[in-house]
Amino acid sequence: MSEVQPDIVEALIGVRDHAYAPYSNHPVGALIVSESGTRYVGANVEVAHYKGLCAEASAIATMASAGERELREVYVIGPGEHLCTPCGDCRQRIREFATPETLIRVVDAQGTLLRRYTMDQLLPDSFGPENLGRDSAMD
C-alpha cells in the first residue's frame, strides 16, 4: 500500500486531537479532498444526548457549506492501531458526494495506511440520489 503524505497525516492528527469526545473517549479525525483539490477537516463532536457529529460528517458539512459537492478522497484516523472505518451513517453521507473514483483511506493513530476502499467496497449495492430520480456522479 502507498504511504499517506506527511502533511495529510499531520492535519489528521491535529484535527483528531481537537475532537470533543468526553463520553466515548474515542477521538476521530477526517480529512476530505474535494473535486477542486481543497482539503477540509473535521473531528467528532459528542454531546450529552449521544447524538454527536462524526468526523466525516463534520468535514463533509464544511465542504458543502463552501459550495463544493464532490469528494475525491476521504481519510479517517482514530485513536488506536485498529481500523476506524466510517460508521453506516457516514458511509451513506460519503456516498452522497462520492464518485466511482472516490478513495477512502483509513489510517492508524500514527497515520500509517491500514486500508483503502472504493465507494463500492465501502458500501456495496448502495442507495443514492439516482434512486430518487436525481442525477448523481455514481451512475
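Heads up: the structure comes first, above all this text.
Read on for a plain summary of the structure. (Residues numbered from 1 in each chain as written. Predicted model: local features only at pLDDT ≥ 70, side-chain atom pairs only at ≥ 80, totals over all residues. Heavy atoms only, no water.)

Looking at the pairing of strand S1 (residues 29-34)
Logical step 1: The element S1 is largely enclosed, with a buried count of six among its six residues.
Logical step 2: Both faces of S1 are covered, namely the face carrying Gly 29, Leu 31 and Val 33 and the face carrying Ala 30, Ile 32 and Ser 34.
Logical step 3: Of the strand pairs in this sheet, S1 and strand S2 (residues 39-43) are connected by five bridges, and their pairing is antiparallel. The partner of Ala 30 across the bridge, within S2, is Gly 42. (Buried < 20%, exposed > 50% of the residue type's maximum accessible area, 1.4 Å probe, protein only. Helix = DSSP H or I, 4+ residues; strand = E, 2+ residues; numbered from the N terminus. Pairing = 2+ DSSP bridges.)

Quick word on the layout of surface pockets
Logical step 1: Here the largest pocket is characterised by a volume of approximately 250 Å³.
Logical step 2: Lining the largest pocket are 18 residues, and of these Val 28, Asn 44, Glu 46, Leu 53 and Cys 54 sit closest to its centre.
Logical step 3: For the lining of the largest pocket, the per-class residue count stands at 11 nonpolar, five polar and two charged. (1 Å grid on protein atoms, 1.4 Å probe; cavity = no way out; pocket = protein on both sides within 12 Å on 5 of 7 lines; lining within 4 Å. Points joined across faces, edges and corners; volume = space filled by probe spheres on them. Nonpolar A, V, L, I, M, F, W, Y, C, P; charged D, E, K, R; others polar.)

A word on the sheet that holds S1
Logical step 1: Sheet architecture is open: five strands sit in the order S2-S1-S3-S4-S5, paired in mixed fashion. The open sheet has two edge strands with one neighbour each: S2 and strand S5 (113-118). Adjacent strand axes in the sheet meet at a mean angle of 15°, parallel and antiparallel pairs treated alike.
Logical step 2: In this sheet, strand S3 (residues 71-77) lies alongside S1 in antiparallel orientation, the contact comprising six bridges. Paired with Leu 31 across the strands is Tyr 75, a residue of S3.
Logical step 3: Sheet contacts for helix H1 (residues 6-16): S1, S2, S3 and strand S4 (103-107); angle to S1, the most-contacted strand, approximately 135°. (Axes fitted to C-alpha atoms, helices over the stretch in contact; angles between N-to-C directions. Contact = heavy atoms within 4.5 Å.)

Observations concerning the nonpolar core
Logical step 1: Ile 32, Leu 71, Val 74, Ile 94, Ile 104 and Met 119 are the most contacted members of the largest nonpolar core, which totals 21 residues.
Logical step 2: Sorting the residues of this core by element identifies S1, helix H2 (55-65), S3, helix H3 (88-97), S4 and helix H4 (119-122) as the ones contributing at least two each.
Logical step 3: The biggest single contributor to this core is H2, with four residues.
Logical step 4: Excluding residues that lie within four positions of it along the chain, Leu 71 makes contacts with Ile 32, Val 33, Ile 60, Met 63, Ile 94, Phe 97, Ala 98, Thr 99 and Thr 102.
Logical step 5: The next biggest cluster of nonpolar side chains, apart from the first, holds 10 residues, and it includes Ile 8, Leu 12, Leu 31 and Leu 113. (Core = buried A, V, L, I, M, F, W, Y, C linked by side-chain atoms within 4.5 Å.)

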